[in-house]
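Each chain, written out:
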Number of protein chains: 2
Amino acid sequence: MSHENKMALAIHGGAGTISKKDMTPEKERAYKDGLELAVIEGWKILEEGGTALDAVIRSTVVLEDNPLFNAGKGSVFTNQGTHEMDAALMDGKTLKAGCAAGISTVKNPILLANKIMLHSRHVLLAYGGAEEFAGRMNLEFADSEYFYTEFRYKKLLEAREKGLNKNTPDKAMGTVGAAACDREGNLAAATSTGGMTNKKPGRIGDTPIIGAGTYANNNTCAVSCTGDGEYIIRAVLAYDVSCLMEYKGLTLTEACKTALKKFGDMGGDGGLIAVDKFGNIEMPFNSAGMYRSSICTGEKIKSEIF
Amino acid sequence: MSHENKMALAIHGGAGTISKKDMTPEKERAYKDGLELAVIEGWKILEEGGTALDAVIRSTVVLEDNPLFNAGKGSVFTNQGTHEMDAALMDGKTLKAGCAAGISTVKNPILLANKIMLHSRHVLLAYGGAEEFAGRMNLEFADSEYFYTEFRYKKLLEAREKGLNKNTPDKAMGTVGAAACDREGNLAAATSTGGMTNKKPGRIGDTPIIGAGTYANNNTCAVSCTGDGEYIIRAVLAYDVSCLMEYKGLTLTEACKTALKKFGDMGGDGGLIAVDKFGNIEMPFNSAGMYRSSICTGEKIKSEIF
C-alpha cells in the first residue's frame, strides 16, 4: 500500500477534566465506548471512499450527540444557566472554513459550521446572527430541555457555590474534535465545544478560531485542540503545528511536540490531535488526561484517556 | 545608536476603500492629516520612554476618534443600521492579548480590548458580555448619535439598494491599526474596525482574532492587518508573518512579502503593517491602496495612500 492511500482518523473528547482517582472502570468504559462509536462512524465514511471533511463532521456529530462530552447535547452551563456552544471546521484541500460562536439553540453546532463554510460569505458567525443563519439553512434546533443534563447542572451549582472561575481540578476543558486524512490525501479538522462551566456570557474560546483550536491544510496537517482556550488562542496552537512543518520542515511528531512544549511553557494546559497527509497520527497532551481514539489503515482502533 | 534603541511606529487606516480617481487633493490631505495626528500622538509616548503597548493604544484611539476611518466614531453601518465594532490588542513581551467583538456602545473598542487583556481571565469577549464587562471597567460609552456619520449612512443606503454583499470596488475594508517597537525593544500591535458596510449581524472578521488580524511577539514582529477579513482568517496572516521569521529565519521584509503573496494567491485583497525588534517597518499591500503612516528613530513621518 502506498503512503498516499493510508487513511487516518483521530478524535478527542476533551482534556484534563477527569482525574485518575475519580475514574471507575464503568466510567472509563462508557467514555471509551462513546469515543469508539464516533471513530467507527467517521471511519465508515473514509472506508467507503468519502472525504476527510465528511468523516470529521460525522465523528463530531456523534460526539455532540453523546451527553458524556462537553459539546452539543452534553454542553456545560454558563454562569447564567444557559448554553453557548462554539464549533469550527476547516477543509485542508480548499483552506475554506466555517465557524460558529455563542450558539444556544442549534442541535449540532458542527453542522452549522459546515453550512457557514458552504453557504455564507463569512467565515465566523456568532450569536443571534449565527442562529438566524441556521434557521435559513433549515438546521435542526433543540430547546433547553435537550441540552439539560443533570450532571452538568450540578457542576454549575458547585461552581457557583465555590465561585470557581479559574484553573481548578474541576475546570471544564471539555471539547470534542476530529482530524482526518482520506484516500486522496485530503485533510480536514473539526472542533466543537460547550465552553467552560460557569463562564461569563460572551466569552469566545479557541474552538471557533481558525489557527487557534482548529486548522487544516493539505500541505501540512489537520489539527484540533482542547484545553485552556485562552492559552491556545495566544499560542495560535493549531497553526503553529502547521507552520513548524511547513517552514521548519519538522515531521508531524516533532511539530506537535514542539508546539505543545511552547504552549506549556506559556502556562497552557491541554492537548491536540493531528493527522498528516501520510496518515500519521499524533495525540499529545500535557494535561492529566485526554479522551482520545484513533484508527488508521491497517490498524485497529486505539482508545485512551491517560 | 545601537539597534536595540531604535524605536518605530507604523499605523494604517484601512486598505482598498478608495480609488485614485475619487481621491481629490483635499481628501488626500484630510486622510494624511488624520494619520499623522495618530502617529504623532503615539510617537510622543515612545519618545517619552513609554511602552509599545501604550503607543499603539494611543494611536488607535486617535484613529477611532476620527470619523474618516472605519473604526470607533467612523464605523460603518451593519445591514440593520446598527454598529458592530471589533478590536484586538497584543503585547509582544508577555504574549497577553485582549479582544472585543460585536461592540455597539463603547466609544473606544481598543480601550475595551486593553481592559480585557488586563482584567479579564478571557482573551475574547463578544456582544452583550463584552459590553457588560466594559460597564464594570467604567469605560466611556457612546450612543448611536455619536456613531452616526452621514457619509457612512449614505454608503449603507447605497449598499442596500445595490444589494452589495460581495467584493465590489465599493466594499468597505476599513480598519485601523498600529504596530510599534519601543526603546526596550518591546513590540505591540493593535487593530480596530467598524466591520463591513451592510454586513449581516453576527459576522466576526479577522480584527479581533489573534493570529489573523493582530499578532505581536518580541521574538519576531508586531503585525496589524486590513483587508478581506475572511481571507485573513483563513491565511492566519499576522501569525504567518511571525512564523516565517521564527521558523524559516526570514527577515521582516521577506516574511511580509511571502505572507502577503500566499494571502493574495488564496484570493485575498488587503495589506498589513509590521514592525520588528530592530525598529524595521514594513507596510505592504496588494489592494488599490492602503492608508498608512510611519515614523522611526532618526527619520521623519511618512504618510502614503497608494
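Cut-offs used in this document
Residues numbered from 1 in each chain as written. Chains lettered and ligands numbered in written order. Predicted model: local features only at pLDDT ≥ 70, side-chain atom pairs only at ≥ 80, totals over all residues. Heavy atoms only, no water. Least-squares fit on C-alpha atoms with pLDDT ≥ 70 in both. Contact = heavy atoms within 4.5 Å. Helix = DSSP H or I, 4+ residues; strand = E, 2+ residues; numbered from the N terminus. Expected span 1.5 Å × (residues − 1). Buried < 20%, exposed > 50% of the residue type's maximum accessible area, 1.4 Å probe, protein only. pLDDT = per-residue confidence, 0-100. Pairing = 2+ DSSP bridges. Axes fitted to C-alpha atoms, helices over the stretch in contact; angles between N-to-C directions. Buried area = accessible area lost by both parts, 1.4 Å probe. Salt bridge = Lys/Arg side-chain N within 4 Å of Asp/Glu carboxyl O. Polar contact = N/O pair within 3.5 Å; in protein donor to acceptor, adjacent residues only side chain to side chain. Core = buried A, V, L, I, M, F, W, Y, C linked by side-chain atoms within 4.5 Å.

Right, let's get into the relation of the copies chain A and chain B. Superposition of chain A onto chain B requires a rotation of 180° combined with a translation of 0.0 Å along the rotation axis, giving an RMSD of 0.0 Å. Here the transformation between the copies is reduced to the relation of a two-fold axis. Taken as a fraction of all interface residues of chain A, those also at the interface in chain B reach 98%, which identifies the copy contact as same-surface.

A separate point is helix H8 (residues 237–248) of chain B. Residues and elements named next belong to chain B. Taking 1.5 Å per residue, twelve residues should reach 16 Å; H8 reaches 15 Å between its end C-alpha atoms and fits that length. Burial within H8 is extensive, with ten of its twelve residues counted as buried. Those residues of H8 not exposed but buried are Leu237, Ala238, Tyr239, Asp240, Val241, Ser242, Cys243, Leu244, Met245 and Tyr247. Glycine 249 sits one or two positions beyond H8 and adopts a positive phi of about 75°.

All right, on to the confidence of the model for chain A then. Residue and element names in this part refer to chain A. With 94% of its residues at a pLDDT of at least 70, chain A reaches an overall mean of 92. This model gives residues 166–170 a pLDDT under 50, and the stretch forms nine contacts once residues within four places in sequence are excluded. Both scores are given for the predicted complex: the pTM is 0.94, the ipTM 0.94.

Next up on the list: the sheet that holds strand S6 (residues 187–193) of chain B. As summarised here, the arrangement of the nine strands in space is S7(A)-S4(B)-S3(B)-S2(B)-S6(B)-S5(B)-S1(B)-S12(B)-S13(B), forming an open sheet in which the pairing is mixed. The open sheet terminates on both sides in strands that have one partner only, identified here as strand S7 (203–204) of chain A together with strand S13 (302–304) of chain B. Relative to S6 of chain B, strand S2 (residues 85–91) of chain B runs antiparallel, the two sharing six bridges. Its bridge partner lying in S6 of chain B, alanine 88 of chain B is registered against threonine 191 of chain B. Contacts from helix H3 (residues 109–119) of chain B reach S2, strand S3 (96–103), strand S4 (124–126) and S6 of chain B, with the element oriented near 45° to S2 of chain B.

Residues and elements named next belong to chain A. For tyrosine 127, which is not a glycine, the phi torsion comes out positive at approximately 50°. When you line up the elements, tyrosine 127 lands in helix H4 (residues 127–136). On the accessibility criterion, tyrosine 127 (15% relative accessible area) is buried. One non-glycine residue, valine 236, lies in the positive phi region at around 45°. Mapped onto the elements of the fold, valine 236 is located in the loop between helix H7 (229–235) and helix H8 (237–248). Relative accessible area serves as the criterion here: at 0%, valine 236 is assigned to the buried category.

Moving on, we get to the interface of chain A and chain B. Tallying the contact residues gives 42 residues for chain A and 41 residues for chain B. Summing both sides of the interface, chain A and chain B together bury roughly 3,600 Å²; the carbon and sulfur share of this comes to 62%. Counting across the interface, chain A meets chain B through two salt bridges. Here lysine 262 of chain B and glutamate 246 of chain A are joined by a salt bridge, their closest N and O atoms 3.4 Å apart. Joining chain A to chain B, the criterion identifies 18 residue pairs in polar contact (both at pLDDT 80 or more). Contributing elements (two or more residues each) for the side of chain A that touches chain B: strand S3 (96–103), strand S4 (124–126), H4, S7, H7, H8 and helix H9 (252–266) of chain A.

The next subject is the pairing of strand S9 (residues 221–227) of chain B. All names here are of chain B. Of all seven residues that make up S9, seven are buried, and the element is covered over most of its length. Here S9 shows no split at all, with Cys221, Val223, Cys225 and Gly227 on one side and Ala222, Ser224 and Thr226 on the other all buried. Pairing between strand S8 (residues 214–216) and S9: three bridges, direction antiparallel. Paired with alanine 216 across the strands is alanine 222, a residue of S9.

Turning next to the side chain of asparagine 217 of chain B. Residues and elements named next belong to chain B. Note on placement: asparagine 217 falls in the loop between S8 and S9. Residue asparagine 217 is classed as buried on the basis of its relative accessible area, which comes to 7%. Polar side-chain contacts of asparagine 217 include one of 3.1 Å to the side chain of tyrosine 215. Ignoring sequence-local partners within four residues, the contact set of asparagine 217 consists of Gly92, Leu95, Leu187 and Ser242.

Let's shift gears to the nonpolar core. Membership of the largest hydrophobic core comes to 106 residues, with the highest contact counts inside it found for Ile210 and Leu272 of chain A. Those residues in contact with isoleucine 210 of chain A that sit more than four places away from it in its chain are Leu89, Met90, Ala97, Cys99, Val123 and Tyr215 of chain A together with Ile233, Arg234 and Val236 of chain B.

Residues and elements named next belong to chain B. The topology assignment puts glycine 72 in the loop between helix H2 (52–64) and S2. For the pair formed by glycine 72 and leucine 244, sequence separation is 172 residues and the distance between their alpha carbons is 32 Å. Apart from the residues within four sequence positions on either side, glycine 72 is in contact with Glu64, Met85, Lys107, Pro109 and Phe147.

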